[in-house]
Amino acid sequence: MEKKWAELSPDERQEERFRRWIAAPGVTFANKKAEEHHRQTIQRLIDVIQLRVPDRVPVNFNAGFFAAHYYGISSETAMYDAEQAVKAWRKFAKDFNVDTLGGPGGVSGRPLEIMDYKLYQWPGHGVPANATYQYVEAEYMTADEYDDFLLDPSDFFLRTYLPRVFGALEPFKKLAPLTDNIELPMTSPYLVSLGTPEVQTALQAMIDAGKEAMKWMDATRGFSKEMTEAGYPRVTGGMCKAPFDTLGDTLRGTRGIINDMYRQPNKVLAALDKIALMEIKRGVSAVNAGGVPIITMPLHKGADGFMSEKQFQTFYWPTLKQVALGLINEGIVPSFFAEGGYGSRLDIIKELPKGKVIWYFDQTDMTKAKEILGKTACLQGNVPTSLMCTATPADVKAYCKKLIETAGKGGGFILAPGAGTDEAKAENIHALIESAHEYGTYRK
C-alpha cells in the first residue's frame with residue numbers, strides 16, 4: 001500500500017518531489033527533443049545535489065535585466081511593458097544555449113507604484129532606467145516593538161509594518177485587530193473601521209494593484225508555459241530568508257539589528273525563533289504550489305566581516321539551520337546564496353545533512369569550499385561579476401576551466417556567476433555556458 005506523505009522519511013519525500021519535478025505533470029512538450037532536454041537537465045541537477053557524478057557540469061544562469069539590455073530595452077521598460085519583456089527573454093532563450101531559463105514574470109513596476117512601495121527603489125522609480133533594484137534602509141520596526149511582533153506577527157504586519165512600507169496602506173494603522181472580531185457584539189465596530197473613507201481608499205489601492213499584478217502575470221504566463229514546453233525547466237520553487245536577515249533587513253534595519261544584539265539580545269533571539277517557523281511555512285507552501293523542489297535563500301548579513309564567529313553562531317546560524325532542516329524534512333532543497341565571502345563560516349555550515357542543500361557562493365574560495373563542504377553539499381558559483389563585465393571570453397573560459405577542475409571534481413558542482421550580471425558582455429555569457437560543455441563533461 002502506498003504510504004501517506006506523513007509516513008515518508010525526508011529522503012523519501014525528496015525522491016518523491018524529484019520524481020514529480022521530472023514528470024512535469026500537465027506539461028505537453030513541443031517535441032521529443034524538448035522533453036528529453038527537460039529530463040536530462042533536471043536529472044543533471046538532481047545528480048549534483050545528491051553528490052553523484054552527472055554527465056556534465058550543469059549551468060545556472062539568471063538572465064536578470066541582461067535579457068532586457070541585450071534586446072535593446074531599458075530595465076524600466078522590462079518592468080512596465082510585459083510584451084517587450086517577453087520579447088526580450090524570448091530572444092535571450094533563442095540566442096544563448098542555457099540549461100534552464102527563468103522569465104520576466106514576478107515583479108512589475110505598476111503595482112508597486114499604486115501601493116507607494118517604500119522598501120525598494122526600482123528602475124525608473126528612484127534609480128536610473130537601466131539600474132537595478134535598490135533597498136531603502138530604515139527602521140520599519142522600532143526597538144520597542146518586539147513585544148508587539150512576538151505577540152501577533154500577522155497583526156503587527158497588517159496594522160504597523162505594512163502601513164510603513166506601503167504608503168497606500170497607511171490608513172490600516174486605524175484598523176482594530178482582527179482578533180477583536182470574535183463575537184456578534186464586536187462585529188459591527190470592526191466593520192465600521194473598514195467603512196471609513198481612508199480605509200476604503202487603501203482597500204481600493206490593494207484591489208487596483210492586484211488587478212495590475214494579474215495583468216502582468218497573464219501577459220507573462222504564456223511565455224513561461226512556452227519555455228517549459230520547449231524543455232527549459234524552472235529551477236526556483238520560491239524564496240525564503242535567513243531569519244536574521246528578515247529581522248535585520250526588512251524590519252529593524254542594519255543599524256537597528258546591530259544595536260539590538262547588544263542591548264536586547266533575548267528579544268532578538270525570541271523574534272528569530274518566531275520568524276524561523278514563518279519561513280519554513282512559506283517555503284513549503286511555495287514548493288507545494290509550484291512543484292519545483294528548490295527554495296532560494298539569499299543570505300545578506302552572515303558574510304565574513306559582518307559579525308564575529310561567536311555572533312554568527314549565536315544569532316545567525318541556529319535559526320538558518322532550523323529553516324534548512326525544516327525544509328529538508330519536507331523533501332525540499334534549500335539553495336543558499338551566500339553573498340560576499342563565507343570562508344570563515346565553512347566549518348560551521350558543513351553540519352547540514354549530506355546531499356540535501358546547495359551552497360551558491362559569491363566570493364568564497366571555491367577550492368577551500370570544496371575541501372570542507374564537497375563531501376556533504378553541492379556547490380554553485382562563483383565566476384566573478386567583474387570578469388563577466390570587463391574581461392575577454394578567453395579569460396572567462398580560463399577561470400571556468402579552473403573552477404570546474406577544482407569545485408567540479410567528482411561532481412557536486414553547478415557553474416554560475418557569483419552575483420548579478422545585468423551589465424555582462426554577451427560574448428562572456430556565451431563563454432561561461434560553453435565552458436561547461438567544453439571542460440565539464442565527465443567520463444563514466
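Structure report, in brief.

Reading guide: rules and limits
Here the residue numbers are simple positions, counted from 1 along each chain's written sequence. Per-residue local features are limited, in this predicted model, to residues with pLDDT of at least 70; the limit for side-chain atom pairs, both in listing and counting, is 80 or more; totals at the level of whole chains, interfaces and linings are taken over all residues. Side-chain metrics rest on all non-hydrogen atoms present in the structure, leaving aside hydrogens and water. A pair of strands is considered paired only if DSSP assigns at least 2 bridges between the two. Each helix is a run of H or I in the DSSP string that is no shorter than four residues. Each strand is a run of E no shorter than two, and both are numbered from the N terminus. Where helices are involved, their axes are fitted lines through C-alpha atoms of the stretch in contact, as for all axes, and angles between N-to-C directions lie from 0 to 180°. By definition, residues are in contact when any of their heavy atoms lie within 4.5 Å. Polar contacts, as counted here, are pairs of nitrogen or oxygen atoms within 3.5 Å of one another; within protein the pair requires one atom able to donate a hydrogen and one able to accept it, and residues that are adjacent in sequence qualify only if both atoms are side-chain atoms. An angle below 35 degrees is read as roughly parallel, one above 145 as roughly antiparallel, one from 65 to 115 as roughly perpendicular, and any other as oblique. The residue classification treats Ala, Val, Leu, Ile, Met, Phe, Trp, Tyr, Cys and Pro as nonpolar and Asp, Glu, Lys and Arg as charged. All others, Gly included, are polar. For every residue, the accessible area (1.4 Å probe, protein chains only) is compared with the maximum for its type, and the residue is labelled buried under 20%, exposed over 50%, or partly exposed between those bounds. To form a nonpolar core, buried Ala, Val, Leu, Ile, Met, Phe, Trp, Tyr and Cys residues must be joined to one another through side-chain atoms within 4.5 Å.

1. Things to note about the sheet that holds strand 7 (residues 378-383)
So, point 1. Read across the sheet, 5 strands follow the order 4-5-6-7-8 without closing on themselves; strand pairing throughout is parallel. Both outer strands of the open sheet, strand 4 (294-299) and strand 8 (413-417), are each paired with one neighbouring strand and no more. In this sheet, adjacent strand axes meet at a mean angle of 20° when their direction is disregarded.
So, point 2. Two strands pair when backbone bridges link them, and strand 5 (residues 333-338) and strand 6 (residues 358-361) are joined in this way by 4 bridges, in the parallel orientation. Considered in strand 6, the bridge of Phe 336 is made with Trp 359.
So, point 3. In the packing of helix 16 (residues 366-373) onto the sheet, contacts are made with strand 6, strand 7 and strand 8, and the angle to strand 7 comes to roughly 175°.
So, point 4. Sitting on the sheet, helix 18 (residues 393-406) is in contact with strand 7 and strand 8, with an inclination near 160° to strand 7.

2. What about the environment of Lys 3?
So, point 1. Inspection of the secondary structure puts Lys 3 in the segment before helix 1 (10-23).
So, point 2. Residues Lys 3 and Ala 78, 75 residues apart in the sequence, show an inter-C-alpha distance of 46 Å.
So, point 3. At 3.2 Å, the side chain of Lys 3 and the side chain of Glu 12 are in polar contact.

3. Concerning the packing of helix 11 (residues 243-251) against helix 12 (residues 253-263)
So, point 1. At a minimum axis distance of 6 Å, the contact between helix 11 and helix 12 shows a crossing angle of 130°. Of the possible angle classes, the one that applies to helix 11 and helix 12 is oblique. Contact with helix 11, carried on its side by Phe 244, Leu 247, Gly 248, Asp 249 and Leu 251, involves Gly 253, Thr 254, Ile 257 and Met 261 of helix 12 and no other residues of that element.
So, point 2. Here the residues of the contact of helix 11 with helix 12 are counted per class, giving 5 nonpolar, 3 polar and 1 charged.

4. Observations concerning the side chain of Thr 364
So, point 1. Within the secondary structure, Thr 364 is located in the loop between strand 6 and helix 16.
So, point 2. Given a relative accessible area of 3%, Thr 364 falls into the buried group.
So, point 3. With sequence-adjacent residues up to four places away left out, Thr 364 is seen in contact with Gly 340, Gly 341, Tyr 342, Gly 343, Leu 346, Ala 369 and Asn 382.

5. Digging into the nonpolar core
So, point 1. Leu 247, Tyr 342, Trp 359, Phe 361 and Leu 415 are the most contacted members of the largest nonpolar core, which has 111 residues in total.
So, point 2. Broken down by element, this core gets its largest block of residues, 9 residues, from helix 14 (residues 309-329).
So, point 3. The contact partners of Leu 247, leaving out residues within four places of it in the chain, are Met 141, Tyr 146, Arg 252, Gly 253, Ile 257, Val 268, Ala 271, Leu 272 and Ile 275.
So, point 4. Ranked by size, the runner-up nonpolar core spans 14 residues in total, among them Phe 18, Ile 46, Ile 294 and Ile 358.

6. Some points on the sheet that holds strand 3 (residues 134-135)
So, point 1. Pairing is mixed across the open sheet formed by 3 strands, whose spatial order is 2-1-3. The sheet is open, and its two borders are formed by strand 2 (126-127) and strand 3, each paired with just one other strand.
So, point 2. As defined by bridge partners, strand 1 (residues 120-123) adjoins strand 2 across 2 bridges and the pair is classed as parallel. Across the sheet, the residue bridging to Trp 122 is Gly 126, located in strand 2.

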